[in-house]
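Spelled out from the first residue to the last, the chains are:
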Amino acid sequence: MVDRSFADLSLAALYDSLNPWGQGDDFYVGLVMSAPTVLDVGCGTGRLLAAARRAGHPGQLMGLDPAAAMLVQARRREPRVEWVLGDLRSRSWNGEFDLVTMTGHAFQTLIGDEELRTALRAVRAALSEGGRFVFETRNPAARAWDSWTPDRVHEAADADGTVAWMWHEVVHPVLGDRVTFTSTFEGVRWDRPQVTTSTLRFLDARALDGFLTEAGLTIEEQYGDWGRGPVTQGAPEIITVARSAT
Ligand SMILES: C[S@@+](CC[C@H](N)C(=O)[O-])C[C@H]1O[C@@H](n2cnc3c(N)ncnc32)[C@H](O)[C@@H]1O
């Protein structure tokens, strides 16, 4: 089921303001520009593929997302990309893409073991020979969720300039590698606070390697931050470049 933060039109309209273009986007856009065909899974409001098209990418660019409200933003932003409503189970794949990406921690929305296995098998099927799957997941050892507290209030505005405020609160205790948290949105758009609940999975590098190997994907490069530093204990990210195992 799609999390309401992404499924509700008024909340999806705040996404880009809450998540401005960053180093991660720079990292991915370089990869997209050098791949002839690209599938962005969990493309959200579409900023990665839209940026690539505007920078002159000439090939097939497909953005896939199960949240219609996010695709409303994507279609407005750049009609010259194929925006598809659904997830990796929505089609059968047959080696169409030289690059598959999952950006903005979209990978962490894959919670269950079977859900993850099905998604990774589909990624493998969608990759052309020698194609690459590139994605990032937050390093559990860095415990990002410790800073998801109500005293950290984020201000955002939608395209009309209507301001809103948002904060997170983690549901304790944190059980295993899944973190559940609420996001509260307040602003003049609503007559009462809007509260959504999300769960993200935090796989460590070893567990990640196990799932990728099982799906026939081999890790080619792995980084702990967007500057391509190593995955150390305190590194914020696990950024993985994987290839189909031969
Ligand atoms: C945090 S947003 C990231 C959006 C975009 N990749 C970015 O970097 O701005 C996560 C996205 O994953 C999508 N999503 C949720 N469950 C998914 C699934 N099972 N398969 C693919 N995408 C999913 C959500 O709808 C949402 O748009």
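Just so it is clear, the model here is predicted, and its values are computed rather than measured. (Residues numbered from 1 in each chain as written. Predicted model: local features only at pLDDT ≥ 70, side-chain atom pairs only at ≥ 80, totals over all residues. Heavy atoms only, no water.)

J.: Quick one: what's the story with the overall build of the protein, residue by residue and with numbers?
T.: Summing up its helical and strand segments, the protein has 8 helices and 11 strands in all. Relative to the 2.2 N^0.38 estimate, which gives 18 Å for 246 residues, the radius of gyration of the protein is 18 Å and therefore close to what a compact globule would have. With the C-alpha coordinates aligned to their principal axes, the bounding extent of the protein is approximately 55 × 40 × 30 Å. Looking at the protein as shown, the accessible area adds up to about 11,700 Å², and 51% of this sits on carbon and sulfur atoms. Distance between charge centroids for the protein: 3 Å, based on 24 positive and 33 negative side chains. (Helix = DSSP H or I, 4+ residues; strand = E, 2+ residues; numbered from the N terminus. Rg over C-alpha atoms; globule rule 2.2 N^0.38 Å. Areas by Shrake-Rupley, 256 points an atom, 1.4 Å probe, with all protein chains shown as cover. Lys, Arg positive; Asp, Glu negative; His and termini not counted. Charge placed at Lys NZ, Arg CZ, Asp CG, Glu CD.)

J.: So, the pattern of salt bridges: which residues are in play, and what are the values?
T.: Inspection of every chain in the model, using the stated rule, returns 19 salt bridges. Arg 201 is the partner of Asp 177 in a salt bridge, and the nearest nitrogen-oxygen pair spans 3.1 Å. Here the residue Asp 177 occupies a position in the loop between β7 (163-170) and β8 (178-187), and Arg 201 occupies one in strand β9 (residues 194-201), the gap between them amounting to 24 residues. Taking relative accessible area as the criterion, Arg 201 reaches 7% and is therefore assigned buried. With its nearest N and O atoms 3.8 Å apart, the salt bridge here joins Glu 221 to Arg 228. Given the relative accessible area of 45%, Arg 228 is considered partly exposed. (Salt bridge = Lys/Arg side-chain N within 4 Å of Asp/Glu carboxyl O. Buried < 20%, exposed > 50% of the residue type's maximum accessible area, 1.4 Å probe, protein only.)

J.: I'd like a description of the pairing of strand β3 (residues 82-85), backed by residues and values.
T.: Where strand β2 (residues 61-65) lies against β3, 4 bridges are found, and the strand directions are parallel. Following the sheet pairing, Met 62 is matched in β3 by Glu 82. Assessed by its sense of winding, the connection that carries the chain from β2 through helix α6 (residues 68-77) to β3 is right-handed. (Pairing = 2+ DSSP bridges. Right-handed = clockwise from strand over helix to strand, strands pointing away.)

J.: With reference to specific residues and values, describe the sheet that holds β8.
T.: Read across the open sheet, the 4 strands follow the order β6-β7-β8-β9; overall the sheet is antiparallel. Across the chains shown, the open sheet's two edge strands, defined by having one partner strand only, are β6 (154-157) and β9. In this sheet, adjacent strand axes meet at a mean angle of 30° when their direction is disregarded. Where β7 meets β8, 7 bridges bridge the pair, whose relative direction is antiparallel. Its bridge partner being in β8, Ala 164 is matched across the sheet by Gly 187. (Axes fitted to C-alpha atoms, helices over the stretch in contact; angles between N-to-C directions.)

J.: Go over the packing of aromatic side chains, please, and point to the residues and values.
T.: Enumeration according to the criterion identifies 12 aromatic pairs in this entry. The structure contains a cluster of three or more aromatic residues connected by ring pairs, namely Phe 27, Tyr 28, Tyr 223 and Trp 226. (Phe/Tyr/Trp six-rings, centres within 6.5 Å; stacked < 30°, edge-to-face > 60°.)

J.: Got a sec to walk through the sheet that holds strand β4 (residues 97-102)? Specific residues and values, please.
T.: Strands sit in the order β3-β2-β1-β4-β5-β11-β10 across an open sheet of 7 strands; the sheet is mixed. Two strands lie at the open edges of the sheet, namely β3 and β10 (217-223), each paired on one side alone. On average, each strand axis in the sheet is inclined to that of its neighbour by 20°, with strand direction left out of account. With 7 bridges joining them, strand β5 (residues 127-138) and strand β11 (residues 237-244) adopt antiparallel strand pairing.

That's the geometry; what it means functionally is another story.
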